[in-house]
Amino acid sequence: MKKDIFIEFDEKPNSINPLMFSDFNSKILNSLMFERLVDGKNCKIDIFNNYREYKVSFYDSLLSNHIYPIDYLRTILYQLKNNSYVYGYFSKKAINSLKYEFNKEYFKLKFLFPVLFFDIVLQSSYIVNSSKINLYKYILDKFNINNHLVNIIYNRDKNKTLDYIYNGENFISCFSEPNINLLTSFIDKKNMFEKDSSLIFYIFSKKRCFIDLLYSNKIFLNNELNKIKHNKFISVVNSFIPIKKDIFFDLKREVCDSNVKINLDKCITLCYCDFLPNKEIVDVVIKLLKLYGISVLTVKYDSLSEYLKYRNNYDMHLGISSPRFNSYYFFIFDLFNNLEKSKQDYVKKIFLNNLNDVKKFSTAFSHTKNFLPICRLKFIYYNNTILNINEFGDFYAY
């Protein structure tokens, strides 16, 4: 057995059921424990008949490890029947029309109606023996990867993180929660990594007028966010479907749009969960609102579960979200019903004319009636192991 690998998490996931995962940490953990399909790496995915047919051909890297098309087919069929996160994204008529075929080298799915982006679902799910589903209700903390014993550590003590590094362990620090010590106390940057993540901070408001106000001053928000103390841990975004080059804003716009008028006879409430750098992001939002004479009462929650339970009791809240599957396009499904009618029609036209027009999708989801994307979290972490992660939190071997 090779040297142990230690991987740090900030808290335990709600579940590690790989067929029904419900939070970001469970997704990360499952990516360590189970194989998934990757087009061009361990399989080839072909799409036919205007998104009605999907063929997945397995490469020898899977077949030689005794992972066969029938294994994955059982997984996806189980999910389509039992997992609302999968089933709910697509037309019930299309899913119920599914027919399939398979042999030792491939499987094929056939729908009577187009099912867009299903190749992404196929690559975001894990190959699991669904007959053993009850085994996965327990939180595992040790398992093997490539003859390495992987130890899962649940820790929020930032000083203890440094102990693992200084002790010379094969170690991956928590990347889903910022650790200032990695920037201030740790001098050796050889094994430090930094990348944008798919975790997007957003402001939710019950009243659309506040979203319109914030959006009309997005340049101001962007500039202020870039000045916060811990701006190293975020990067500004202008859409739930971020692209490298922003296309929404004229940089010559005034800081404040004086045409927006909001009359209030009381202060509004805004809540957030006390994770770095949430308070700094909230302070930027408050600074803008104060320019319009709007008073804000903030409420801080130390517990994530308490925050999730009560956040809708407030006028506004700062939230964070990642697409359910490994593509920002799935925010389209999550937020479509929160678009105004004209934007819904616009998105429908994109679907009909050019699914690959990322810029148009990005423009449509720059904000919705109740949601405004603010920035996204950067993963900054220590890693001296054979593993690495992508922006969606999936582990993979070098």
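Just so it is clear, the structure is predicted and the values come from calculations on it, not from any experiment. (Residues numbered from 1 in each chain as written. Predicted model: local features only at pLDDT ≥ 70, side-chain atom pairs only at ≥ 80, totals over all residues. Heavy atoms only, no water.)

## Observations concerning the confidence of the model for the protein chain
Residues of the protein chain with pLDDT of at least 70 account for 88%, and the chain-wide mean is 87. Taken as a whole, residues 133-138 scores under 50 in pLDDT and shows 10 contacts with residues more than four places along the chain or in a different chain. Every residue in residues 249-258 scores below 50 in pLDDT, and together they form 16 contacts with partners more than four places removed in sequence or on other chains. (pLDDT = per-residue confidence, 0-100. Contact = heavy atoms within 4.5 Å.)

## Re the packing of aromatic side chains
If you walk through the whole model with that rule in mind, you get 35 aromatic pairs. Here Tyr 164 and Phe 171 contribute two aromatic rings whose centre-to-centre distance is 5.1 Å and whose plane-to-plane angle is 10°, an arrangement assigned as stacked. Exposure remark for Tyr 164: the relative accessible area of 16% places this residue in the buried category. Through successive ring pairs, a cluster of aromatic residues spans Tyr 54, Tyr 89, Phe 90, Phe 111, Phe 117, Phe 118, Phe 325, Tyr 329, Phe 330, Phe 333, Phe 351 and Phe 361. For Lys 55, the ring lying beneath its charged end belongs to Tyr 106, and the centroid distance is 4.6 Å. (Phe/Tyr/Trp six-rings, centres within 6.5 Å; stacked < 30°, edge-to-face > 60°. Buried < 20%, exposed > 50% of the residue type's maximum accessible area, 1.4 Å probe, protein only. Lys NZ or Arg CZ within 6 Å of the ring centre and 35° of its normal.)

## Looking at the nonpolar core
In this structure, Phe 58, Phe 118, Leu 122 and Phe 365 are the most contacted members of the largest nonpolar core, which totals 53 residues. Excluding residues that lie within four positions of it along the chain, Phe 365 makes contacts with Ser 239, Phe 240, Ile 241, Phe 331, Ile 332, Leu 335, Phe 336, Leu 339, Val 347 and Pro 373. One finds Ile 16, Val 150, Ile 281 and Cys 375 within the second-largest nonpolar core, a separate group that totals 51 residues. (Core = buried A, V, L, I, M, F, W, Y, C linked by side-chain atoms within 4.5 Å.)

## Some remarks on helix α1 (residues 24-33)
Each turn of an α-helix holds 3.6 residues, which means side chains three or four residues apart point in the same direction. Among the 10 residues in α1, 9 count as buried, and that is most of the element. Three or more residues of α1 are buried, namely Phe 24, Asn 25, Ser 26, Lys 27, Ile 28, Leu 29, Asn 30, Ser 31 and Leu 32. (Helix = DSSP H or I, 4+ residues; strand = E, 2+ residues; numbered from the N terminus.)

## Points about the layout of surface pockets
Approximately 1200 Å³ is the volume found for the largest pocket. At the level of elements, α1, β9 (192-205), α12 (304-310), β13 (316-321), α13 (330-335) and β14 (371-382) are the ones that each hand at least two residues to the lining of the largest pocket. Of the residues contributing to the lining of the largest pocket, the split by class is 22 nonpolar, 9 polar and 9 charged. (1 Å grid on protein atoms, 1.4 Å probe; cavity = no way out; pocket = protein on both sides within 12 Å on 5 of 7 lines; lining within 4 Å. Points joined across faces, edges and corners; volume = space filled by probe spheres on them. Nonpolar A, V, L, I, M, F, W, Y, C, P; charged D, E, K, R; others polar.)

## Things to note about the packing of helix α9 (residues 208-216) against helix α11 (residues 278-291)
Contact pair α9 / α11: the axes reach a minimum separation of 11 Å and the direction vectors enclose 95°. Between α9 and α11, the crossing angle belongs to the class labelled roughly perpendicular. Between α9 and α11, the residues in contact are Phe 210, Leu 213 and Leu 214 and Val 285, Leu 288 and Leu 289, respectively. Taken together, the residues of the contact of α9 with α11 sort by class into 6 nonpolar, no polar and no charged. (Axes fitted to C-alpha atoms, helices over the stretch in contact; angles between N-to-C directions. Parallel < 35°, antiparallel > 145°, perpendicular 65-115°, else oblique.)

## Remarks on the pattern of salt bridges
Taken as a whole and assessed by the stated rule, the structure comprises 18 salt bridges. A salt bridge links Asp 345 to Lys 341, with the nearest nitrogen and oxygen atoms 3.0 Å apart. With Asp 345 and Lys 341 both in helix α14 (residues 341-353) and 4 residues apart, the pair spans about one turn of that helix. Connected through shared salt-bridge partners, Lys 27, Arg 36 and Asp 394 make up one network. (Salt bridge = Lys/Arg side-chain N within 4 Å of Asp/Glu carboxyl O.)

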